[in-house]
Amino acid sequence: MTDAFDLEAAALAAEAEAAPFTFTYKGGEYTIPPQATWPVEALNDIAQGQFSDGLTKIMGQADADKLRAAGLTMKAMEILIEQAGKTQVGTPDLPNSGPPARRGSTRT
């Protein structure tokens, strides 16, 4: 038998280390689960522009409905998904890289 990588065990360990993301919006406080636990279907929905469906799969129906009823905008949802991802993964906000260096010309 080979020593196969145990994806399930690795995912469970990553989930155990992750913390929920808590945020406020228009006076309400909300918590979404760690990004490591988001269903792939939710990310597919978001990638296909079905943000409302993706949000429901991430937060659950009641909390997503409450957030939408508070007047959630597309821009706010985009910022939420981006910020939750940065916080969960622990990647800092890095500046964009500059343009590539120009190559010198070569005489022929």
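Scroll up to find the structure.
Attention here is on the structure that accompanies the text. (Residues numbered from 1 in each chain as written. Predicted model: local features only at pLDDT ≥ 70, side-chain atom pairs only at ≥ 80, totals over all residues. Heavy atoms only, no water.)

1. Examining the pairing of strand β2 (residues 28-32)
When a strand is regular, its side chains alternate between the sheet's two faces.
Phase 1: Residues of β2 alternate between two faces, with Gly28, Tyr30 and Ile32 buried on one and Glu29 and Thr31 left unburied on the opposite face.
Phase 2: Pairing between strand β1 (residues 21-25) and β2: five bridges, direction antiparallel. In the strand pairing of β2, Phe21 is matched with Ile32.
Phase 3: The antiparallel hairpin formed by β1 and β2 contains two residues in its connecting segment, where Lys26 sits at a positive phi of about 50°. (Buried < 20%, exposed > 50% of the residue type's maximum accessible area, 1.4 Å probe, protein only. Helix = DSSP H or I, 4+ residues; strand = E, 2+ residues; numbered from the N terminus. Pairing = 2+ DSSP bridges.)

2. With respect to the nonpolar core
Phase 1: If you look at the biggest cluster of nonpolar residues, it comprises 19 residues, and the most contacted ones within it are Phe23, Ile32, Leu55, Ile58, Met59 and Leu67.
Phase 2: Of all the elements in the fold, those that place two or more residues in this core are β1, β2, α2 (40-47), α3 (51-59), α4 (61-69) and α5 (74-89).
Phase 3: Residue contributions to this core peak at five residues, all from α5.
Phase 4: Beyond its immediate sequence surroundings of up to four residues, Phe23 is in contact with Gly28, Glu29, Tyr30, Ile32, Met59, Leu67 and Leu80. (Core = buried A, V, L, I, M, F, W, Y, C linked by side-chain atoms within 4.5 Å. Contact = heavy atoms within 4.5 Å.)

3. Section: the pattern of salt bridges
When charged atoms on two side chains of opposite charge get close, those side chains can pair.
Phase 1: In total, this model carries three salt bridges according to the counting rule given.
Phase 2: Arg68 is paired through a salt bridge with Asp65; the nearest N and O atoms lie 2.7 Å apart. Placement of the pair is Arg68 and Asp65 together in helix α4, with a separation of three residues, close to one helical turn.
Phase 3: Relative accessible area serves as the criterion here: at 27%, Arg68 is assigned to the partly exposed category.
Phase 4: With relative accessibility at 36%, the residue Asp65 sits in the partly exposed group.
Phase 5: Residue Lys75 is joined to Glu78 by a salt bridge in which the shortest nitrogen-to-oxygen separation is 3.0 Å. With Lys75 and Glu78 both in helix α5, this residue pair falls three residues apart, about one helical turn.
Phase 6: Overall, the relative accessible area of 40% leaves Glu78 in the partly exposed class. (Salt bridge = Lys/Arg side-chain N within 4 Å of Asp/Glu carboxyl O.)

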